[in-house]
Each structure stands twice: as structure tokens, then as C-alpha cells.
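The residues making up each chain are set out below.
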Amino acid sequence: MGSIAREDEGCAIWAEAIVEVREASPTHYKLRIESFSLLSESGIEKFESNEFEACGHKWKLIIYPDGNGRENGSEHISVYLAISGTSSLPAGWEVTAIFTFFLYNQLCDNYLTVRGKMRRFQSIKLEWGLLKFLPHYIDIDKAFKEASNGHLIDDKCVFGAEIFVAQRQAIGECLSVEKSNDKFKREWKICNFSNLGIIWLSEEFTAGDHKWNLWLFPKGNEKNRGCNISIFLVYVDSKDFDHHRKVKANYSFCIKDQIGGECDKRLSSKIIPPTFILMVLVFICYLVNFLRLSLILSFFFAYCDWFSATSQTWGYPSFMPLTELHDQKKGYIVNDCIVVEVEVEVVFKHRVKSLS
């Protein structure tokens, strides 16, 4: 019949442990020691067994014949279980187990078993055990070296271990956010512009170790067809992302004035016009009307966007009115060619990876 020994019951050596006597041998490991007294005499303070396997992991049984003196376990037998072979386990590993220590009673042909609490083995705590498994002589009823207790006969004894590992059902994940300042700038000269189809796609380019391309709708995308030219930045790598992985980027597009050299640019929120220019714009727009204010300010501002598997494309559906684009005085189209420039700056990378 099992019992739970606690400190307040006057049984400090098995505090918070379940003590039983059983006939069945230990399931996973058994150690027979001959000439036990010679361990101390020969200066062996600590014995560490060979590896043995149990529940899919490798373990070692550790015995201090005279107790673990560094932890105030002198005049006792100290017994520990240590997990081994952890180099093959994944990052962030942990193994939760309940283990039982055995000591054979050679007179009664049964085993004294002491089962501790469930313990978590991990890289910072590789071993658990009982500092004061049994006293040498202090308590006659439990004394290891008292021959009438049957534990040590003819200087021989048998220890054992049995382990139950709780199967880990939880999924572990690690969130990492990385700051970046990778920048990319590129321009394309697109000729035969009047004969382009619905969409023009650039070749893939790399910015911040990620692949991108440019989508340009010469006559506008579906919602702006016949009204505005539309330009978008597309994150090519995002098609292979899970829903947690994201990249945040500042970006700007430019259609160059090939006559005057000016650039009609739409900027992300990181690039802000000087305060003085803003004040002048606000003053002018105030004199005109509030609607004009909104339109002019939208020329300068956009958002720094997160690209992900569900948000692969960001940009400007109404980048520029087609009437303005085709105005020869503006110089955007020369000899049926336009020059488009894109700048991309990756500022943050966000990902979640599994720890299991």
C-alpha cells in the first residue's frame, strides 16, 4: 500500500514522495553493486551509470554512496536521474517526467520504491533526484547499512529506476522581430508604352534578402481603368509565407519627367516634406478650399506597409491621371517610352517559427 511522506510527518528523507513496496523489478534500469563499502574506501564519491533508454530518451542513474556532501546529504545515499544525449534534441527542448527509484530487499525478495513529483528536465536542469534517499545508520527502520532491512547483504545491493515521460501536446513557437535598413533603388525604361497590354511586370529584384517585382497598369487597374495609371509593389516571397511571417517596408514610385528631369514621386510615410513646404501648402490650400487641401496632402503621404501572405501587394491604384501622363508638356512619355523608378527600404522582419 502506497503512502505519501511529508516533512510535517517527521519523514524528511522522502518529503513529497510516494513510497511503496512491490515485487516487480524496475522496468527500465537495474544496477547491481558488489563490494559497496569499497566505493567510499577507493575514493569514489559519485557513480554515474552508462546510458540507458526509456520512453524515447537516454538517461543515467547517479549514486552518491556517502551522500551528496555539497548539498548537505552526508551520511545518506543520494540518488539522481539525469537526462543524457540532449545534443540531438531541438532548440528549446524540455522533457517532463515522473521517475521512481528502486532498492532491492534481498531478504523479502521485493523492492522499496520511492516515486517523486513530476519534474521538468531542460538544458538548465539536467538532473533531478533525492538528496537523502536512505540514511546509513540514523534511522534503524530505514537504515541502508542495517542488515535486518535487507538492502545491503554481503556488501551487495541492487538499485533501479523506472521513468514515465509525459507526452508533450503543446506546440512551442518563437516570435522574432528583426530591424533592418536594407535599401534598393532601380529604374526601368519602358518603351512601346502605347501598345502595352493590361499589365506590365518587371523582372524580380532583391531588397533586404527578399524578392520583389513591380506591377504597372498603363491604363489603370480594374477600378481605375481609363482614368489613372496604377503602380504596385509586389512581395514575391510572400507566397511561401505562413500567416505569421511579415516584412515591413518603406517604398516610393516615380515617373520621371524626361524633358525637365523632375520626378513625380509617391512616397511612403517615412519620407516627409520639410515643415516650411507643408506650411506653404496648407496656407495655399486654405485659400482655395478644404477639398484641395486633402488632394495635395495625399500627394506626399502614404503608409509604410506590412507585406505578408495575405497582403502581398501594396501601391497606388490612382498614381497619376492618364490625362496628365499623356500631356506632352509634362515630358512623362517621350518617343512612346516612360521611365519608372522604385525605391524600397526593408525596415522590419517579423516571423514565428516552431520550437518543436
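Residues numbered from 1 in each chain as written. Predicted model: local features only at pLDDT ≥ 70, side-chain atom pairs only at ≥ 80, totals over all residues. Heavy atoms only, no water.

1. Examining the pairing of strand S7 (residues 76–84)
And step 1. Of all nine residues that make up S7, nine are buried, and the element is covered over most of its length.
And step 2. One ladder, built from seven bridges, connects strand S6 (residues 57–64) with S7; its direction is antiparallel. Looking at the pairing, Ile63 lines up with Val79 of S7.
And step 3. Direction of pairing for S7 relative to strand S11 (residues 127–135): antiparallel, over a ladder of six bridges. Counterpart to His76 in the pairing with S11 is Pro135. (Buried < 20%, exposed > 50% of the residue type's maximum accessible area, 1.4 Å probe, protein only. Helix = DSSP H or I, 4+ residues; strand = E, 2+ residues; numbered from the N terminus. Pairing = 2+ DSSP bridges.)

2. Quick word on the side chain of Asp237
And step 1. Among the structural elements, Asp237 can be located in the loop between strand S17 (228–235) and strand S18 (246–256).
And step 2. Despite its burial, Asp237 remains without a salt bridge, the nearest opposite charge being carried by Lys211 at 5.5 Å.
And step 3. Within the local environment of Asp237, its side chain forms a polar contact with the backbone nitrogen of Lys211, the two atoms lying 3.0 Å apart.
And step 4. In contact with Asp237, not counting residues within four places along its chain, are Asp209, His210 and Lys211. (Lys, Arg positive; Asp, Glu negative; His and termini not counted. Salt bridge = Lys/Arg side-chain N within 4 Å of Asp/Glu carboxyl O. Polar contact = N/O pair within 3.5 Å; in protein donor to acceptor, adjacent residues only side chain to side chain. Contact = heavy atoms within 4.5 Å.)

3. Considerations on the pattern of salt bridges
And step 1. Summed over the entire model, instances satisfying the criterion amount to 10 salt bridges.
And step 2. The salt bridge involving Lys349 is made with Asp182; its shortest N-O contact spans 3.9 Å. Taken together, the positions of Lys349 in strand S22 (residues 338–354) and Asp182 in strand S13 (residues 173–190) put the pair 167 residues apart, joining distant regions of the chain.
And step 3. Looking at Lys349, the relative accessible area reads 14%, which means it is buried.
And step 4. Residue classification places Asp182 among the partly exposed residues on the basis of a relative accessible area of 28%.
And step 5. The closest approach of N and O atoms between Lys185 and Glu341, which form a salt bridge, is 3.9 Å. Pair noted here: Lys185 is in strand S13 and Glu341 is in strand S22, with a separation of 156 residues, a long-range link.

4. Some details on the nonpolar core
And step 1. If you look at the biggest cluster of nonpolar residues, it comprises 35 residues, and the most contacted ones within it are Trp59, Leu61, Phe121, Phe133, Phe144, Phe159 and Ile163.
And step 2. If you look at the next biggest cluster of nonpolar residues, it comprises 32 residues, including Ile190, Leu233, Tyr251 and Ile338. (Core = buried A, V, L, I, M, F, W, Y, C linked by side-chain atoms within 4.5 Å.)

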